[in-house]
Amino acid sequence: MSLCLVLHDLGAAPASAEKVFFEAIFEIAPEHWPITPRAVLVATGVSPAYLRDHLLRALKKEDAPDVVLTITRISADAAWHNLSAEGEAWLRDMLEE
């Protein structure tokens, strides 16, 4: 399983798009942790491209044409600052797997 960072901006999509976005993440990666309102870490066995396509399919139903997504794998040598203790523990656990 790999860890991916998903950066997203749902643009002018309706409010329901955020719920659909996170439901789509949960479908493919029950282990995930939102860092900020526009960034989420996702533990998944699928490629970043597959995850992107999965999220775009879900958002297409919500009329979100201007959504911006960047998805990349996180390596074990990742560095971070000022995460909550819970978030840092989750991140360390995911990187050890």
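Look up a bit, the structure's there.
Let me begin by describing the structure that accompanies this report. What you see is a predicted model, and the numbers here were worked out from it, not measured in a lab. (Residues numbered from 1 in each chain as written. Predicted model: local features only at pLDDT ≥ 70, side-chain atom pairs only at ≥ 80, totals over all residues. Heavy atoms only, no water.)

What about empty space enclosed by the protein?
Working step 1: Tallied over the full model, the rule gives 1 cavity of 30 Å³ or more.
Working step 2: Volume-wise, the largest cavity comes out at about 40 Å³.
Working step 3: Forming the walls of the largest cavity are Met-1, Ser-2, Leu-3, Ala-43, Met-94 and Glu-97.
Working step 4: Counted by class, the lining of the largest cavity contains 4 nonpolar, 1 polar and 1 charged residues. (1 Å grid on protein atoms, 1.4 Å probe; cavity = no way out; pocket = protein on both sides within 12 Å on 5 of 7 lines; lining within 4 Å. Points joined across faces, edges and corners; volume = space filled by probe spheres on them. Nonpolar A, V, L, I, M, F, W, Y, C, P; charged D, E, K, R; others polar.)

Here we look at the pattern of salt bridges
Working step 1: Enumeration over the complete set of coordinates arrives at 4 salt bridges.
Working step 2: A salt bridge links Asp-9 to Arg-38; its shortest N-O distance comes to 3.6 Å. Note that Asp-9 is positioned in strand β1 (residues 2-9) and Arg-38 in the loop between β2 (32-36) and β3 (39-44), a separation of 29 residues in sequence.
Working step 3: Judged by its relative accessible area of 28%, Asp-9 falls in the partly exposed class.
Working step 4: As a salt-bridge pair, Lys-19 and Glu-23 come within 2.9 Å of each other at their nearest N and O atoms. With Lys-19 and Glu-23 both in helix α1 (residues 16-28) and 4 residues apart, the pair spans about one turn of that helix.
Working step 5: Under the relative-accessibility criterion, Lys-19 is labelled exposed at 59%. (Salt bridge = Lys/Arg side-chain N within 4 Å of Asp/Glu carboxyl O. Helix = DSSP H or I, 4+ residues; strand = E, 2+ residues; numbered from the N terminus. Buried < 20%, exposed > 50% of the residue type's maximum accessible area, 1.4 Å probe, protein only.)

Points about unusual backbone geometry
Working step 1: Backbone geometry at Asn-82 places phi at a positive 65°, although glycine is not the residue there.
Working step 2: Structurally, the position occupied by Asn-82 is in the loop between β4 (68-74) and α3 (85-96).
Working step 3: Here Asn-82 falls in the exposed class, since its relative accessible area comes to 71%.

Some details on a negative patch on the surface
Working step 1: A contiguous patch of negative charge, built from Glu-31, Asp-93, Glu-96 and Glu-97, is present on the exposed surface.
Working step 2: Structurally, the position occupied by Asp-93 is in helix α3. (Patch = residues over 30% accessible without salt bridge, like charges linked within 9 Å, V, L, I, M, F, W, Y side chains within 5 Å. Areas by Shrake-Rupley, 256 points an atom, 1.4 Å probe, with all protein chains shown as cover. Lys, Arg positive; Asp, Glu negative; His and termini not counted. Charge placed at Lys NZ, Arg CZ, Asp CG, Glu CD.)

A word on the packing of aromatic side chains
Working step 1: Considering all chains together, one arrives at 2 aromatic pairs under this definition.
Working step 2: With a centroid separation of 5.2 Å and 90° between ring planes, the pair formed by Phe-21 and Phe-22 is classed as edge-to-face. Each member of the pair, Phe-21 as well as Phe-22, is classed as buried.
Working step 3: Aromatic side chains Trp-33 and Trp-90 sit 6.5 Å apart centroid to centroid with 35° between the ring planes, which places their arrangement in the tilted category. Residue Trp-33 is found in strand β2, and its partner Trp-90 is found in helix α3; the two are separated by 57 residues along the sequence. Take Trp-33 and Trp-90: they sit in the same class, and that class is buried.
Working step 4: One cation-aromatic arrangement involves Arg-57 over Tyr-50; the distance from NZ or CZ to the ring centre is 5.9 Å. (Phe/Tyr/Trp six-rings, centres within 6.5 Å; stacked < 30°, edge-to-face > 60°. Lys NZ or Arg CZ within 6 Å of the ring centre and 35° of its normal.)

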